[in-house]
Amino acid sequence: MTIEELIDEKTKLEKLVIQLAGENQQLKDELADRKRASEILFADLLETWLHNKKMSVKANTYEAYCTQVNHHIVPYFRSKGTMLSQLTPAVLEEYYFTKLQSGLSGSTIRKHHSNIKMALKFAVKNGLTDQNAALLAELPSCNKFCGNFLSTDQFDLVLSKIKHTAIYTPVFIAGTMGLRRSEVLGLRWSDINFEQRTMCIQHTVVKCVKNHKTMLIFSDVPKTRSSRRTLPLPDSVYSYLEWLKHKQCLSYAANRSSYSRQYLQYICVDSKGILIQPDELSVRYIRLMNEMHLRCRFHDLRHTCASLLVQHGVPMKAVSAWLGHSSLAVTSDIYTHLTFQEKLNVANTIEDYMKDMNVSP
């Protein structure tokens, strides 16, 4: 072997030593990071995740996360000093059981689980842990929601009772068009096309509690992509909106000094042009239901509309699109109990073709 070859071989060995030393240091750094990660309190991780989440969700959604995380999840795990590295499906299941025993419903605990799962996904993404323990944790069962609804006669009585009140408009529109509270309060005159006779659902008004203060959030971002929809107006709704717009214009002209200009574009306002507040609407509506001895939340007016559509033979897919549900499965889960009539029709059909057969018991 020549001198040149020896020098070349030595150079290669030196490079290999440097490379191995670098890889060794990288491994040490990774191990040190793992050790530091294992020393993270799960409660601290949750708070970090919550802070980051603020940038990607709507204000009212973020406040809902804050309530669940800060009032329930963080205090529990901080009191136990649970480290991120100690988190297992069994540890989470113990938390769910404890909260269930304290009186929280299965559906509420599932919301807590959703936040925990997202926080752990954030931890995995940032290399703080290798696994998401929430993916393997068993959840408490929750009763499938079954919405209440009013019959046509009951809804007519409700409307008669509130004929000359400020809540008539949102109740009438919610019950006939199947809108959410945030959608009906967010309706603006620009969303109504009187020429095409359509209503565009594209703006919402929701309540948000921040720093113990209640505020309204006006948003052009719907609950889901399918929530943004354009609906044809039934004649009764069209006529009412036409009359209401004329009435509001007259009220504004007659009371310019006292009539609110802030909400001129909105449909659901009181006699002074003030937008009806979400809580005010719900409270007054529930008071009305109690007086009439009826069991139906404001949101159940949406179920009233849907149930009447289903009972009159409108296909579930069409009902789902009208309501703006994210999927047909959501509609089916809520209104399965209303499809019994379809099954009864099948039974009657079977009876029709079986009655001429010689069938004896």
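We now examine the overall build of the chain. The helix and strand inventory of the chain stands at 14 helices and five strands. The burial tally for the chain puts 37% of its 361 residues in the buried class. Contacts spanning at least 24 positions in sequence make up 62% of the contacts within the chain whose residues lie at least 6 apart. Carbon together with sulfur atoms contributes 54% to the accessible area of the chain, which is approximately 21,800 Å² in total.

Let us look at the layout of surface pockets. By volume, the second largest pocket is sized at about 390 Å³. Contributing to the lining of the second largest pocket are 16 residues, with Thr165, Thr169, Trp243, Leu244 and Lys247 lying nearest its centre. Within the residue set of the lining of the second largest pocket, elements represented by two or more residues are helix H7 (168-177) and helix H9 (235-254). Counting residues per element, the lining of the second largest pocket draws most heavily on H9, at six residues. Grouping the amino acids of the lining of the second largest pocket by side-chain chemistry returns seven nonpolar, six polar and three charged.

Attention now goes to the side chain of serine 219. With respect to the secondary-structure elements, serine 219 resides in strand S4 (residues 213-219). For serine 219, a relative accessible area of 11% corresponds to the buried category. Residues within four places of serine 219 in sequence aside, it is in contact with Lys58, Gln202, His203 and Thr204.

Relative to the 28 Å expected for 20 residues at 1.5 Å per residue, H9 spans 29 Å between its end C-alpha atoms, a close match to the ideal helical length. Those residues of H9 lying buried are Val237, Tyr238, Tyr240, Leu241, Leu244, Gln248 and Tyr252. Relative to the axis of H9, the buried residues are bounded by an arc of 160 degrees and lie together on one face. Residues of H9 that are exposed and angled more than 90 degrees away from the buried face: Asp235, His246 and Ala254. On the buried face of H9, the contacting elements are H7, strand S1 (192-193) and strand S2 (198-201).

Before going further, it helps to spend a moment on the nonpolar core. Grouped together as the largest cluster of nonpolar side chains are 53 residues, with contacts concentrated most on Val171, Ile173, Met177, Leu179, Met199 and Leu241. Of all elements in the fold, only helix H6 (152-161), H7, helix H8 (181-185), S2, H9, helix H10 (278-291), helix H11 (300-311) and helix H12 (316-323) reach the threshold of two or more residues within this core. Setting aside residues no more than four positions away along its own chain, leucine 179 makes contact with Ile173, Ala174, Val184, Leu187, Met199, Ile201, Arg229, Leu231 and Arg302. The next biggest cluster of nonpolar side chains, apart from the first, holds 28 residues, and it includes Leu50, Leu87, Ile109 and Leu120.

Let us now look at the packing of aromatic side chains. What the rule picks out here adds up to 16 aromatic pairs. Considering the side-chain rings of tyrosine 95 and tyrosine 96, the 5.8 Å spacing of their centres and the 65 degrees angle between planes classify their relative orientation as edge-to-face. Ring-pair connections join several aromatic residues into one group, and the members of that group are Phe42, Tyr76, Phe77, Tyr95 and Tyr96. Arginine 197 extends its terminal NZ or CZ atom over the ring of tyrosine 238, reaching a point 3.7 Å from the ring centre.

Cut-offs applied
Each residue is numbered by its place in its chain's sequence as written, counting from 1. Reporting in this predicted model follows two pLDDT cut-offs: at least 70 for local features of residues, and 80 or more for side-chain atom pairs to be given and counted; totals over whole chains, interfaces and linings ignore these cut-offs and use all residues. For side-chain calculations, the full set of non-hydrogen atoms in the structure is used, while hydrogens and water are omitted. A helix here means a DSSP run of H or I that spans at least four residues, while a strand means a run of E at least two residues long, and both kinds are numbered starting from the N terminus. Whether a residue is buried, partly exposed or exposed follows from its accessible area with a 1.4 Å probe, protein chains only, as a fraction of its type maximum: under 20%, in between, or over 50%, in that order. Should any heavy atoms of two residues lie within 4.5 Å, those residues are considered in contact. For the area figures, the Shrake-Rupley method with a 1.4 Å probe applies, and any residue is considered shielded solely by the protein chains shown. Any residue with an atom within 4 Å of a point lines the site, the site being either a cavity, points on a 1 Å grid over the protein atoms alone where a 1.4 Å probe fits but cannot get out, or a pocket, an open set with protein on both sides within 12 Å along at least 5 of 7 lines. Grid points are joined across faces, edges and corners, and a volume is the space filled by probe spheres set on the points. Polar here means any residue other than Ala, Val, Leu, Ile, Met, Phe, Trp, Tyr, Cys and Pro, which are nonpolar, and Asp, Glu, Lys and Arg, which are charged; Gly is therefore polar. To estimate how far a helix should reach, multiply one less than its number of residues by 1.5 Å. Note that the arc is defined by the directions from the helix axis to the C-beta atoms. Nonpolar cores are built from buried Ala, Val, Leu, Ile, Met, Phe, Trp, Tyr and Cys residues. Side-chain atoms within 4.5 Å join them into one set. A pair of aromatic rings is counted whenever rings of Phe, Tyr or Trp (Trp by its six-membered ring) have centres within 6.5 Å, and the orientation is called stacked for planes under 30 degrees apart, edge-to-face for over 60 and tilted otherwise. Put simply, a charge is over a ring when the Lys NZ or the Arg CZ is close to the ring centre, within 6 Å, and near the line of the ring normal, within 35 degrees.

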